[in-house]
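Summary of structural features
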Amino acid sequence: MDIDNADDVQAGLDSVEAELEVVKLQIAELLEKQASLTSKRKQLLRRLEEPCDSTQPSGSGPAMTKQELLRYENDDFSWSTELEQNLKDVFQLSKFRPLQLKAINLSMSGKDLFLVMPTGRGKSLCYQLPAVCSEGFTLVVTPLVSLMEDQLMYLKSIDVEAVSLNASSSKEHAKMVLAELTDSKAPFKLLYVTPEKIAKSKLLMSRLEKAYNAGRLSRIAVDEVHCCSQWGHDFRPDYKLLGILKRQFPKVPLLGLTATATGSVLKDCQKILCVPEPITLTASFNRTNLYYEVRLKDSNSDDSVSDISALIKERYKDQSGIVYVFSQKDAETVSADLQKKGVNASPYHANMNPEDKSQVHRKWATNKIQVVVATVAFGMGIDKADVRFVIHHTISKSIENYYQESGRAGRDDKPADCIVYFGFNDIFRISTMVVMENVGQQKLLTMVDYCQNVDRCRRSVIAVHFDEVWDDEGCNEMCDVCRHGNDYITVDITQHAKDVVQIVELAGSLDEKLTPLKVTEAWMGKGPAKRRKMIQTTTLSRLEVEAIITSLLLQGYLSEDFSFTPYTTYFYLKLGGKAPLLKNQSHSITMKMRRTGLDANTVKVSQVKTKEGKRSGDNAANSPVTKKVKRDL
């Protein structure tokens, strides 16, 4: 075979190989769609067979029938009279909330239990009331000292004796508490400890063992139980060591509590905590009084702070709220900016002096401060009923985190708002923070998808994430998508995708890495001339460009690439697994945008869906908005 023939054969082989890769990707895409539709079908069939019951046990528990579980909703147990009495006299409550009585009866019966219940629905009562009604004390493992202090402050206000042990406990206090663990006359009913204390204090474990043998350890409560799992959103290494509790104290019932955990996370927690067959009660995620909204944040300015201050002064005048931010620096600057604009705000973050943090917390709790501008350090266990708004200046790192943080609003069951400001640059700031976490990028992109979404009820997006079947009618227009109608356009962005992929491809051939900002600027014809050669530039607005790049990242045509230095982590864009599909002329990509997003006269619209569900493409121009520009490097 001569050289020319060999070259022809090799070229033909390369072409076939490339086509095969595209076919493989198409098959993978179809299989993914098949899996999604199969899952949806199973959910719908399950709904047909049995209406969704928020008090049903989830799959990780033992085989207990619905009839057997109903028994625990009754008030004819030997402890029922005492429960009712203490509920009214000690906790000043007239009745139980959904699932509380069932959970308490199961725990009092000595059953191991996982309780998944939304923030503000009274999880704490499910171990505090049994503690008051039981001999000995309940051991409560909780991840944050601030959460511990909050609980102790509340229990003190209702005259329930409780103590804590953590890294900041004085030697005298620790010595007193440890001595009282085995004292039958000790007054406290609850002992709060951090997981680190369990993992590192042999003396504490020794005293707990003696208390167990003396019959004084009545119950173990693991708060924020999702922290056990590496697949959870707040994984804490010392939580992985808590299996020692059930191994050492097998006869003591364990109660794991969380507001946010998927089925896979709970199964992982079950193994880690050495609880072979817990009963799992899952309340519906839905809180009907919360209104969910997403607002776009311009990457080039911080108009969002002006917008937030105007909201607080007009809509939430004299009402209590939280503004969540990305970093400690953001907490300081956003707080200062809000103060300049006349909002009574104070920062809160992990690096503050403990006394200052406590002071901010107390002032906010007593309405002397209207707004806390906080990192996630101001989080779990915050128990203030009249929070009328939770605003995220930056998106959360996962749906679980967002659900939990936003859930601090409206715990009094009155209407409250949960607003998140979604900015393009924030995706990549958070991405470098979660890069070391298991499925951190995947969880972040799910949160980005929630924000980018314009056609699905916000609650339905959350429901799918938490494995719950959802009917959009249940939203009752309590999210921006349902309230303002599905007035969106479906845009064909195939040519845009090819242009962006070409820019990233060109950089790769020149052994360059491009940040999302550089890709954006190159596509808009900005940035240094050496970065541009034969590329397609666009006349789309910056917000439109960012939306398309985000969509390509979500759909897998672009992917993340990280570079580590001793001081920081850099985020770059590279070609995603689906990028080769664009070589197929018949392949097309669409994305949904609000009519007010992309200008209908500058994009090719494949269809328009109005609130009434009618479709048309008559008003859209079919000419592409991109132009080919030849530039020298």
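One can find the structure itself at the top, above this paragraph.
Notes on the structure follow. Numbering of residues starts from 1 in each chain and follows the order in which that chain's sequence is written. Since the coordinates come from a predicted model, pLDDT governs what is reported: local features require at least 70, and pairs of side-chain atoms require 80 or more to be given and counted, while whole-chain, interface and lining totals use all residues. Only hydrogens and water are set aside; all other atoms, that is, all heavy atoms of the structure, feed into the side-chain values.

Notes on the overall build of the protein chain
- Only DSSP runs of H or I reaching four residues or more are called helices, and only runs of E reaching two or more are called strands; each is numbered from the N terminus. The helix and strand inventory of the protein chain stands at 22 helices and 21 strands.
- Accessible area is worked out with a 1.4 Å probe on protein chains only. A residue is then buried under 20% of its type maximum, exposed over 50%, and partly exposed in between. By the burial criterion, 52% of the 633 residues in the protein chain qualify as buried.
- The contacts of the protein chain with a sequence gap of at least 6 include a subset with a gap of at least 24, amounting to 75%.
- In the structure as shown, the protein chain presents an accessible area of about 29900 Å², 50% of it carried by carbon and sulfur atoms. A contact between two residues is defined here by any heavy atoms of the two lying within 4.5 Å. All accessibility values rest on the Shrake-Rupley procedure with a 1.4 Å probe; residue burial counts only the protein chains present in the view.

Regarding the sheet that holds strand S13 (residues 416–423)
- At least two bridges found by DSSP between two strands are what make those strands a pair. Strand order in the open sheet formed by six strands is S8-S13-S12-S9-S11-S10, with parallel pairing between adjacent strands. Edge positions in the sheet fall to strand S8 (290–297) and strand S10 (345–348), since each of these pairs with one other strand and no more. Ignoring which end each strand starts from, the neighbouring axes of this sheet average 20° apart.
- Throughout, an axis means a line fitted to C-alpha atoms (over the contacting stretch in the case of helices), and angles, computed between N-to-C directions, take values from 0 to 180 degrees. Across the sheet, helix H17 (residues 440–452) touches S8 and S13, and the angle it forms with S13 is around 105°.

Observations concerning the nonpolar core
- In terms of nonpolar packing, the biggest core is built from 84 residues, with Tyr292, Ile395, Tyr450 and Leu552 touching the most fellow members.
- Each residue touching Tyr450, except ones within four places of it in the same chain, is listed here: Tyr292, Val294, Ile399, Tyr402, Val420, Arg458, Val461 and Ile462.
- Core analysis: the next-biggest nonpolar cluster, separate from the first, contains 41 residues, Tyr72, Leu115, Tyr127 and Val160 among them. Put simply, buried Ala, Val, Leu, Ile, Met, Phe, Trp, Tyr and Cys residues joined by side-chain atoms within 4.5 Å make one nonpolar core.

Some points on the sheet that holds strand S4 (residues 190–193)
- With respect to topology, seven strands assemble into an open sheet ordered S3-S4-S2-S5-S6-S1-S7, the strand pairing being parallel. Since the sheet does not close on itself, it has two edges, and those belong to strand S3 (162–165) and strand S7 (279–282), each with one partner. Between one strand axis and the next, the sheet turns by 20° as a mean value, whatever way the strands run.
- Relative to strand S6 (residues 254–258), strand S1 (residues 113–116) is paired through four bridges, and the arrangement is parallel. For Leu115, the partnering residue across the bridge sits in S6 and is Leu257.
- The sheet contacts of helix H5 (residues 125–132) involve S1, strand S2 (137–141), S4, strand S5 (217–223) and S6, and relative to S4 the element is tilted by about 140°.
- Where helix H7 (residues 171–180) meets the sheet, it contacts S3 and S4, and its direction lies at approximately 120° from that of S3.

Quick notes on helix H3 (residues 80–89)
- When we look at burial in H3, the residues that qualify are Ser80, Leu83, Asn86 and Leu87. Along the axis of H3, the buried residues cluster in a sector spanning 135°; they form a single face. Note that the arc is computed from the directions linking the helix axis to the C-beta atoms.

Some remarks on unusual backbone geometry
- In this structure, Glu224 takes a positive phi of about 50° despite not being glycine.
- Counting through the fold element by element, Glu224 comes out in the loop between S5 and helix H10 (243–248).

Thoughts on H5
- Within H5, eight of the eight residues are buried, leaving the element largely enclosed by the surrounding structure.
- Considered for burial, the residues of H5 that qualify are Leu125, Cys126, Tyr127, Gln128, Leu129, Pro130, Ala131 and Val132.

The quantities given are spatial measurements derived from coordinates; they are silent on function.
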